[in-house]
2 protein chains.
Amino acid sequence: MRSGEDRLLEWLRGWLAKREGRAPLIGDDAALLPGRGRWVVTVDSQIEGVHFLAGTDPAIVARRLMAVNLSDLAACGAEPRFALVALNAPGDFDHRRFLKAFAAAARRYGVRLAGGDVAASPGGLVAAATLLGTLPARRRFLRRSGARTGQALWVGGTLGESAAGRLVLAAGAASAPAVARRAARRHLLPEPQLALGRWLSARRGSEGAAMDVSDGLARDLHRLCRASGVGAVVEAVRLPLARGFASLCRELKRDPLELALGGGEDYVLLFTLPADESPPAAFGATRIGKTIPRGVRLDVDGERRALPPLGWDHLAP
Amino acid sequence: MRSGEDRLLEWLRGWLAKREGRAPLIGDDAALLPGRGRWVVTVDSQIEGVHFLAGTDPAIVARRLMAVNLSDLAACGAEPRFALVALNAPGDFDHRRFLKAFAAAARRYGVRLAGGDVAASPGGLVAAATLLGTLPARRRFLRRSGARTGQALWVGGTLGESAAGRLVLAAGAASAPAVARRAARRHLLPEPQLALGRWLSARRGSEGAAMDVSDGLARDLHRLCRASGVGAVVEAVRLPLARGFASLCRELKRDPLELALGGGEDYVLLFTLPADESPPAAFGATRIGKTIPRGVRLDVDGERRALPPLGWDHLAP
C-alpha cells in the first residue's frame, strides 16, 4: 500500500539511523538542524512534464517553485529567510524572466536569494529550490509524528481544486468559465499557509501533528498516521470544497470526492489538535475528522470504509 | 568575452542590489548568510549528458555531486555540516545505490543529510545538492574579490587531468593504460581541497582571493580578476600537470596547454597571496603567476599574450 517514495524514505531513515547511531534529520516536510539558530531547511523541485506542462510561463514555474517550498516551511512552523535555486533549463529558456519572478516571490515573503546554479539541461526544465528558515523563540517545530488518538483532524483550505485546475490546463481550455480559471490559477499559484503554520507552532499546547497536503489528502494522511502511530477517520461530508467545484467536476467528468481525496498539490496544511481547540476562524480551516487508534477510514453517510492512500507516488513503477 | 552565465549572474546581482538596496549575497562560490552562526551555503547540480555520461554508476554521480559542492565550501573556507539533495531520475534509476553513496560521502566529510526530494524525471538524471557549512571563529570568508595587484597567483593542484579523463571516458577506453585510468578517476571523483581552504581562511593576513576551478583555469581566473578589479599573468611553464599528462594528451591528440587552461572540472583552488607568503608544502600548491593592474595574460617562453576566458559556459548559445 505504501508508495515507492515512502518505502525509499523509510529505508533511508533506517539506514541513516543505523549508520549515524541517532535519529535521522529527515522525515518531516522540512528538517530542524541541530545547533545554534534553530535553522529549518527543505528542498523541492518543479519538473517540466511532471509538475507543470511544457510551455508554462517561466515566471509561473518560478513562483510555484517558491510556493511549494514555502509550504514545507509553513508545515513545520518556520519563518522563511533564504533561498537557493538550481536551474537546469533547455537552451532557449528565459532565465531572466524566471529569476526575476523567483526573486520577487522571495522578497514578498522576506526571503533573500543566497545561491544559484544554472546549467543547460538536455531534457526539459528541472528547477530545484532549497529554502532556509528559522524557528523563532517560543515556537515549536511541527512534526508529522505529533498526532495522538482522540485529536481532531483539520485541513487549512479546500481540497481537489488544484487537481481540477491541472485538468483544466491539460485540456487547454482557453475560454474556460470563471470557476475553471480560478481552479487553474489555484493549481499554478498555490498560497503557502505560513500564517496558519505560525499559529500552530506558537500555540501554548504541544500536542498535535502537521504537514502539508502535496501528494493527495489520503496519501498524506496515511503518512501522518504512520509517523504518529495512530489511525484516522475522515468524514466525507466535511471535506471543504471550493465554490463551484462540484459543477466543475461534472464538466471534467471526474468524481469530486476522488479529486478531493487524491488529486494532490493542494498545499494546505493537514494537522491535528486537541478535540477542544480550534484555530482562529480567519484561517478558514475545517475539521474533517479525528484520530483513532488504528486504520485510515472514510465515513460516507455514516458508513465507514477503508481509505486507501490515493494520490501521487513520484516513484510509481 | 564574458560567458552567458557570467552575464546572467552580473545582471542578477545588479537587479538584486537595486531591489534590495544592499549588496547581494551571491557572487562567490558559496554565500555567507548574515546573522548568527556564520552559515555558508551553496548549490550545484550534476546532469546526465552534461556533467557525466549516460550509464555512469549512480554511486559515482552521488560522490561527484557531493565533491563539487564541498569544493565550493572549500573555496570559501567553510566547514561542511549539512546536505540536501533533489534527485530527479528516470524510472529505472537505482535510488538506493545513489543515496547510500551520497550519505556515505557526506559522512566521510562530517556532513549529515538534512533533506531530500525525489521525483521521476522524463529526461535523464538531474541531481542538485545544497550544502550548508559554517565558518568557525577566527576564520575568514574567502571571496573572489580579495585579490590586489602584486600578489602571487596559486593553484592547489594539477590542471587539465580531469578534462583528459573526460575524453578517456568518452572514448570508452576499457583497457586504457594506468595514466588514462587515473585521469578518468580524477574526472569522476575529484577531491575537494577542504584542508587548503581551511588554511587560507585561518591564516593571519586578510589579503587574497579564492575560488575553485570548475569551468577552466582561464575562465575562472577572468572571474577572479573581474571581481577583484585586477589583472593577472600566468606563466605557462609553471602550470602544474599530472605525471604522464603530456603523453596522455599526445594519445588524445589534444594540446596539453589548452586542456590545462580551459579543460575545466579540475576542482582545485585558485587563490592569491602576498608575494612573500606560501602555503605549507604539504598542500602541493603551485605558484603559477601574479596579479597585475589589468588584463589577463599568458607568458609563454617570455612572450606575453592575451589569455582569453577558455573553458565552460553553461549558457553558451
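The rules behind the values
- Residues numbered from 1 in each chain as written.
- Chains lettered and ligands numbered in written order.
- Predicted model: local features only at pLDDT ≥ 70, side-chain atom pairs only at ≥ 80, totals over all residues.
- Heavy atoms only, no water.
- Buried < 20%, exposed > 50% of the residue type's maximum accessible area, 1.4 Å probe, protein only.
- Helix = DSSP H or I, 4+ residues; strand = E, 2+ residues; numbered from the N terminus.
- Arc of directions from axis to C-beta.
- Contact = heavy atoms within 4.5 Å.
- Phe/Tyr/Trp six-rings, centres within 6.5 Å; stacked < 30°, edge-to-face > 60°.
- Pairing = 2+ DSSP bridges.
- Least-squares fit on C-alpha atoms with pLDDT ≥ 70 in both.
- Buried area = accessible area lost by both parts, 1.4 Å probe.
- Salt bridge = Lys/Arg side-chain N within 4 Å of Asp/Glu carboxyl O.
- Polar contact = N/O pair within 3.5 Å; in protein donor to acceptor, adjacent residues only side chain to side chain.
- Nonpolar A, V, L, I, M, F, W, Y, C, P; charged D, E, K, R; others polar.

## Here's the deal with helix α6 (residues 194-202) of chain A
Residues and elements named next belong to chain A. Taken together, the buried positions of α6 are occupied by L194, L196, G197, L200 and S201. Looking straight down α6, one finds that the buried residues subtend no more than 160° of arc, so they occupy a single side. Those residues of α6 hidden inside the fold are in contact with α2 (58-76), β3 (79-89) and β9 (269-273).

## A look at the packing of aromatic side chains
Centre-to-centre distance and the angle between the planes together describe a pair of aromatic rings. Residue and element names in this part refer to chain A. This structure, assessed with the given rule, holds 12 aromatic pairs over all chains. Where W154 meets F271, the ring centres are 6.2 Å apart and the plane angle is 5°; that geometry is what we call stacked. Here W154, found in strand β6 (residues 152-155), pairs with F271, found in strand β9; they are 117 residues apart in sequence, far enough to count as distant. The exposure classification of W154 matches that of F271, with both residues buried. Among the aromatic residues, ring-to-ring pairing joins F93, F98 and F102 into one connected group.

## A short note on the pairing of strand β2 (residues 39-47) of chain B
Residue and element names in this part refer to chain B. Along β2, 9 of the 9 residues are buried, which leaves the element largely enclosed by surrounding structure. On β2, burial covers both faces: W39, V41, V43, S45 and I47 on one face and V40, T42, D44 and Q46 on the other are all buried. Sheet analysis places strand β1 (residues 31-32) next to β2, joined by 2 bridges and oriented antiparallel. Looking at the pairing, A31 lines up with V41 of β2. Summarising the sheet, β2 and strand β5 (residues 126-134) pair through 9 bridges and their orientation is antiparallel.

## Brief notes about the relation of the copies chain A and chain B
Between the two copies, chain A and chain B, the superposition gives an RMSD of 0.0 Å; the rotation angle is 180° and the shift along the axis is 0.0 Å. Classification of the inter-copy transformation places it as that of a two-fold axis. When C-alpha positions in chain A are compared against the rotation axis, the closest is assigned to A:G123, at 2.2 Å. A symmetric contact is evident, with 100% of the interface residues of chain A recurring at the interface of chain B.

## Focus on the interface of chain A and chain B
Contact with chain A, which involves 59 residues of that partner, is made by 59 residues of chain B. Both faces considered, chain A and chain B share a buried interface measuring about 5300 Å² in area, 68% of it formed by carbon and sulfur atoms. Of all residues in chain A, A:W11, A:R96 and A:R112 bury the most surface against chain B, accounting for 12% of the area lost on that side. Between the two partners, chain A and chain B, sit 2 salt bridges. Across the pair A:R112 and B:E20 runs a salt bridge, and its minimum N-O distance is 3.3 Å. Linking chain A with chain B are 11 residue pairs in polar contact (both at pLDDT 80 or more). Looking at the side of chain A that touches chain B, the elements with two or more residues in it are α1 (4-20), β2 (39-47), β3, α3 (95-108), β4 (112-120) and β5 (126-134) of chain A. Taken together, the residues of the side of chain A that touches chain B sort by class into 34 nonpolar, 11 polar and 14 charged.

## Let's talk about the pairing of strand β10 (residues 286-292) of chain A
The side chains of a regular strand alternate, first on one face of the sheet and then on the other. Residues and elements named next belong to chain A. When β6 meets β10, the two strands line up antiparallel, connected through 4 bridges. Among the inter-strand pairings, A152 is bridged to a residue of β10, identified as K290. In this structure, strand β8 (residues 231-235) lies alongside β10, joined through 4 bridges in antiparallel fashion. Residue pairing across strands places A232 opposite T291, the latter belonging to β10.

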